[in-house]
Amino acid sequence: MNREEVFECWAPAGSTWSGWVKPVLFAHLPRPLPSPPEIQTHDLSWVPLAAEHVAFVIDIPGPASVELGLALAGRGYQPIPLFNACPPPVPDAQETVEDPSVVDVTSILTALVHGCERLRQAALDPGAPPAFLVDANRQTPRRTVDVGAFDNRSVVFVTDFPSAAFLAGRGITKVILVREQATPPDSDLAYALGAWQRAGIAIEFKALSQPGAPSQYRLPRAGWLAGIRLRLSAWLTGRRNAAGEFGEFVPAASGG
Amino acid sequence: MTGAAIDLPPCSPDDWECPGPLPTDDFARIRRRLVLEHCKWDPQVADTETVARFPLVLPGHLLDALGRLAESLDTEGEAAAREIDQRPDLVGRLGLPRRLARVLTDSSRPWTPTAVRVVRFDFHPTTEGWRISEANSDVPGGYSEATHLPAMVAERFPGTHRCGDPQTAVAQAITDGAGGPGRAALLAAPGYMEDQQVVAGLGSALRRLGWRTCVGRPGQVTWTDGNAAFATRRGTVPVDALVRFFQGEWLPRLSWGREWESFLRGARTPVCNPGFGMFTESKRFPLIWDRLETPVPTWRALLPDTRDPATAAWRQSGWLLKKAFGNNGDEVLSRTMTGQREWRNASWSARLWPSAWAVQRRFVPLPVQTPAGRMYPCLGIYTVNGRFAGVYGRLSPRPLIDFAAIDVAVLARGHSGMKGHP
C-alpha cells in the first residue's frame, strides 16, 4: 500500500471529518518502520452506539490511540488521526544510531500503516461520528531534550478540531474524552475541550483503567489567576524556552 | 505621507476572474498532493478548509507590474536598512527588544553573511488603489502554497500559468551564493507545524538541487570561530548555510549567553534572512522615514499613514493597531473588527508601551467575486535577492487578512515575464 492509499484510508473522500486528519505523519512515508504493535483487545461495552451521535477524543499514548480508534471503527466511528509531529530523519543505511526524537511518533506511523486493512474492512458510513485520536505523550519527552535531540513535541490547538457549532450541526452534542488513567488531560487539550464545553457540548470522561461507563466531566476553567500561576511556574522552573510552547503561553508562529 | 511620483498599476478587482470551482475529485487530488508531496500540513483550521477550490486569475502584465513595485520596495528597503545600520539612533524607534537592538547596532562586528535575502510584500486592492499592509523581511512563509498549488491548479485552467516559483528561487539563490550545493540546516521552533512545513518544503527544494539538509531548532546550532555546525545524536556536522525560519525577536530568548548573536553578526556561515531585515520588518519602520536620507518613494506611495501610538489619536475607528513585530495577522487589531476584550487589552498595552506598537490608517479593501462569495484578496509578492520571484495568494471572507484566510492559487493570464521559473 503506497502513501496515498494509506492517507486515503484514514482520510477517505466523502467523510465529513476527513479534512481534519493531520497529514504530516503520512507525508513522511515511505520510510523504514518497526514491526507492528500487538493488537490489544478492549472492553468496549461502555461505548455508545454510533447512531447516538457521540464523538470521542482518545488521549492515550499514540499507538494505543490508533488501536482504540480501530476498535471504535469496528463500532461505527470514524477515527481521525490528529498526530501533528514529524518523525526523525531517516538515518543512512549503515548508521546504527538510536532514534533521536523526543517523542516516539514512528510507532504511531507504524500503527497507522498496519491498521489500514482493518479500517477498510470497517466500511464506515461517510457520516460516521468521529473519534479524534491524540497522542497523550505529545509533550512528554522520553529523553533529555539536549542539543542533539530531535525535538518533535507538539501541541493540540482549538483549531485542530471542528467547532462546537459544526459538531452540533451534525447532531453531536456529547464528546467522550478517553484516557488511560483518571487524570486530567494536558492543558492544551483541556483548553480545546473547554471551548466545546463552554459552547454547550457535554463532555464525559472515561478512564480505561477503571470499569464502568463514562461520567460527566467538568473541565477546570482557566482564569487569570491560573494564567499568572502558569507563567510564574514556567519562569521559576526554567521550562520557558525560546519558542515558548512548553511551559508558557503559546505565541504566534514565525511565518509571515 | 504618500507620494504621487510612483506610477501604480490599475486596481480593478472586478476585472479579475475566479473560475471554477474545481470538480471535487480534481480538487481532492490536488489537496492530497499538496499535503503529501509539498509539505502543506495545515490544510484545515477549525471549520475552515484553508485551500481555495478555485484560482484567482489576473492579467500577466498586472502581476509583472506588482513584481516591479516589489523590486522597488526591496531596493529602497535594503538601502534604508544599510543607512539605519550606520545610524543606531534610529534603531531605538523600531520597537526592537533591547538585547536584539544592542546586537543589531553593534557595528564593531560585521553582519553575518547573507545566504539569500527574501522578502514578501503583501499587496491589497483598495478603494484608493494598490496598498501594502507590510513587508515580511524576516521570516516570510507560504512558499509551497505559492509554488506548487498554482502549478497544479494551472493544469486545470488552460490559458493560465503560474507566476514564478519562489521556493526554487530561494533554494537556487542559496546554491548560487554558496558556489554549489553543500549541507544546510533549516531551523524552526518546535511545536509549530505551520513553521516546520515551511522549512520542510525549502529542504525538499534544496535537496532537489543536490544539498544535504538537516532540519531542527536554532538551539541545535553551535558556533566555532564563526562557523556553524548542527548538533545531532551522531555528532556535530558543519553546515554551509542556515535557513532561520525563527523570528528574530525570539533569538535573544534562546539563551542567556551570546551564541544566538551569531545568527545576526560576526559569523562566517551564511544565514537566511540577514539580521538587517529586522529593520524593515518592524511595523514602526515608517516612523523613521523623515529622518532617513535614503528616499523611499515607493514605500510612501504604498504603505498607509503609519504613526506612533504615543502621538496619534488612534482610538477612533479609522486606525489599526499593529504590534511592531507580529507575523501572522493576529497582532493587527481594529476597533470595529476585533473582539472587545482583545481590543481593550491591546489598547492598554499600546498606551503603556507605545514603542512596541504602531498605528496605521485603515484602508478599505476591495473584494473579488469568487465561487464562495465575495472575498478580500491579498497578494504576497516575493523578491529573492531583489528580484521578483512569485506570488502568494490569500483570500479572506472579511476585510482583514489573518490566520483564518485561505490560500488561493494566483494564476496569470496573458503575457507575463514570469512563467513559473525562478
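What you see is a predicted model, and the numbers here were worked out from it, not measured in a lab.

Visitor: What am I meant to see in the overall build of chain A here?
Guide: Helix and strand counts for chain A come out as eight helices and six strands. When the helices and strands of chain A are listed from N to C terminus, the series reads α-α-β-α-β-α-α-β-α-β-α-β-β-α. Of all 256 residues assigned to chain A, the portion counted as buried reaches 40%.

Visitor: Please clarify how the overall build of chain B should be interpreted in this entry.
Guide: For chain B, the helix and strand inventory stands at ten helices and 22 strands. Overall, the C-alpha framework of chain B stretches about 55 × 55 × 40 Å when taken along its three principal axes. The proportion of buried residues among the 422 residues of chain B is 55%. Of the contacts formed within chain B by residues at least 6 apart in sequence, a portion of 76% connects residues at least 24 apart.

Visitor: Help me understand the interface of chain B and chain A in this model?
Guide: Quite often, the size of an interface is put as the accessible area lost when its parts meet. Every contact between the two is made by 47 residues of chain B and, on the other side, 36 residues of chain A. Mapped onto the side of chain B that touches chain A, the elements with two or more residues apiece are helix 1 (24-37), strand 1 (44-45), helix 7 (193-208) and strand 10 (227-232) of chain B. Sorting elements by how many residues they give to the side of chain B that touches chain A places helix 7 of chain B first, with five residues. Its residues assigned to classes, the side of chain B that touches chain A comprises 22 nonpolar, 13 polar and twelve charged.

Visitor: How should the environment of A:L29 be read in this particular structure?
Guide: Secondary-structure assignment places A:L29 in the loop between helix 2 (24-27) and strand 1 (54-60). C-alpha separation for the pair A:L29 and A:P184, spaced 155 residues apart in sequence, amounts to 33 Å.

Visitor: Help me understand the packing of helix 5 (residues 143-154) of chain B against helix 6 (residues 166-178) of chain B in this model?
Guide: Residue and element names in this part refer to chain B. The contact between helix 5 and helix 6 brings their axes to 7 Å, and the two run at 120°. Put simply, helix 5 runs oblique to helix 6. Across the interface between the two elements, Y143, S144, A146 and T147 of helix 5 pack against P166, Q167, T168 and V170 of helix 6. Among the residues making up the contact of helix 5 with helix 6, the classes are represented as four nonpolar, four polar and no charged.

Visitor: It is not clear to me how the sheet that holds strand 11 (residues 235-238) of chain B should be interpreted in this structure. Could you clarify?
Guide: Picture the strands of a sheet paired through backbone hydrogen bonds; they go either parallel or antiparallel. Residues and elements named next belong to chain B. With antiparallel pairing, three strands are arranged side by side in an open sheet as 9-10-11. The outermost strands of the open sheet, each flanked by one partner alone, are strand 9 (221-224) and strand 11. Within this sheet the neighbouring strands show an average axis-to-axis angle of 35°, counted without direction. Both strand 10 and strand 11 contribute to a ladder of four bridges, which runs antiparallel. Bridged to F230 within strand 11 is V237.

Visitor: Looking at this structure, how should I read the pairing of strand 8 (residues 212-216) of chain B?
Guide: When a strand is regular, its side chains alternate between the sheet's two faces. Residues and elements named next belong to chain B. Note: strand 7 (residues 183-188) against strand 8, five bridges, orientation parallel. For L187, the partnering residue across the bridge sits in strand 8 and is G216. Crossover connection from strand 7 via helix 7 to parallel strand 8: handedness right-handed.

Visitor: When you look at unusual backbone geometry in this model, what are you seeing that I'm missing?
Guide: Most peptide bonds are trans, and most residues other than glycine sit at a negative phi. Each neighbour pair has its own omega, and for B:G20 with B:P21 the value is 10°, a cis peptide bond. In this model, B:C272 is joined to B:N273 through a cis peptide bond whose omega is -10°. Counting through the fold element by element, B:N273 comes out in the loop between strand 13 (271-272) and helix 8 (277-281). Even without being a glycine, A:A123 presents a positive backbone phi close to 45°. Mapped onto the elements, A:A123 comes out in the loop between helix 5 (116-122) and strand 3 (130-135). Using a count of 8 C-beta atoms within 10 Å as the deciding quantity, one classes A:A123 as exposed. Unusually for a residue other than glycine, B:N385 sits at a positive phi of about 50°.

Visitor: I would appreciate a short explanation of the environment of B:D74 in the present structure.
Guide: Residues and elements named next belong to chain B. Turning to its location among the elements, D74 is positioned in helix 2 (residues 60-86). A count of 26 C-beta atoms within 10 Å places D74 in the buried class. Not counting chain neighbours up to four residues away, the residues in contact with D74 comprise V119, T383 and G386.

Visitor: Mind showing me how you'd approach the sheet that holds strand 16 (residues 332-334) of chain B here?
Guide: All names here are of chain B. With antiparallel pairing, the four strands of this open sheet are ordered in space as 14-17-15-16. Because the sheet does not close on itself, it has two edges, and the strands there are strand 14 (306-307) and strand 16. Taken together, the five bridges between strand 15 (residues 319-323) and strand 17 (residues 357-361) define a ladder with antiparallel strand orientation. Bridge pairing in strand 17 places K323 opposite W357.

Visitor: Any chance you could explain the confidence of the model for chain A here in plain terms?
Guide: Should the pLDDT be low somewhere, the predicted coordinates at that spot are not to be read in detail. Chain-level statistics for chain A give a pLDDT mean of 87 and a share of 84% at 70 or above. Under a pLDDT of 50 for its full length, residues 234-252 of chain A has, in the predicted model, 39 contacts with residues more than four places off or in other chains.

Visitor: What's the story with helix 1 of chain B in this structure? I'm lost.
Guide: Every α-helix winds through 3.6 residues per turn, so residues three or four apart in the chain are directed the same way. With 14 residues, helix 1 of chain B extends 19 Å from end C-alpha to end C-alpha; this agrees with the ideal 20 Å at 1.5 Å per step. Residues B:F27, B:I30, B:R31, B:L34, B:V35 and B:L36 constitute the buried set of helix 1 of chain B. Looking at the buried positions of helix 1 of chain B, the neighbouring elements they touch are helix 1 (3-10) and helix 2 of chain A together with helix 5 of chain B.

Visitor: In this structure, what is going on with the confidence of the model for chain B? I would like to understand it.
Guide: For chain B, per-residue confidence averages 93 on the pLDDT scale, and residues scoring 70 or more make up 97% of the total. In the predicted complex, the global pTM is 0.92; the interface-specific ipTM is 0.92.

Visitor: Whenever I open this one, the environment of A:P89 confuses me. Can you help?
Guide: All names here are of chain A. Topologically, P89 is positioned in the loop between strand 2 (78-81) and helix 4 (106-114). P89 sits in the partly exposed class, given 16 other C-beta atoms within 10 Å. Spatially, the C-alpha atoms of P89 and P162 are 31 Å apart, while their sequence positions differ by 73 residues.

What counts, and at which threshold
- Residues numbered from 1 in each chain as written.
- Chains lettered and ligands numbered in written order.
- Predicted model: local features only at pLDDT ≥ 70, side-chain atom pairs only at ≥ 80, totals over all residues.
- Helix = DSSP H or I, 4+ residues; strand = E, 2+ residues; numbered from the N terminus.
- Buried ≥ 20, exposed ≤ 12 C-beta atoms within 10 Å, placed from the backbone.
- Contact = placed C-beta atoms within 7 Å.
- Nonpolar A, V, L, I, M, F, W, Y, C, P; charged D, E, K, R; others polar.
- Axes fitted to C-alpha atoms, helices over the stretch in contact; angles between N-to-C directions.
- Parallel < 35°, antiparallel > 145°, perpendicular 65-115°, else oblique.
- Pairing = 2+ DSSP bridges.
- Right-handed = clockwise from strand over helix to strand, strands pointing away.
- pLDDT = per-residue confidence, 0-100.
- Expected span 1.5 Å × (residues − 1).

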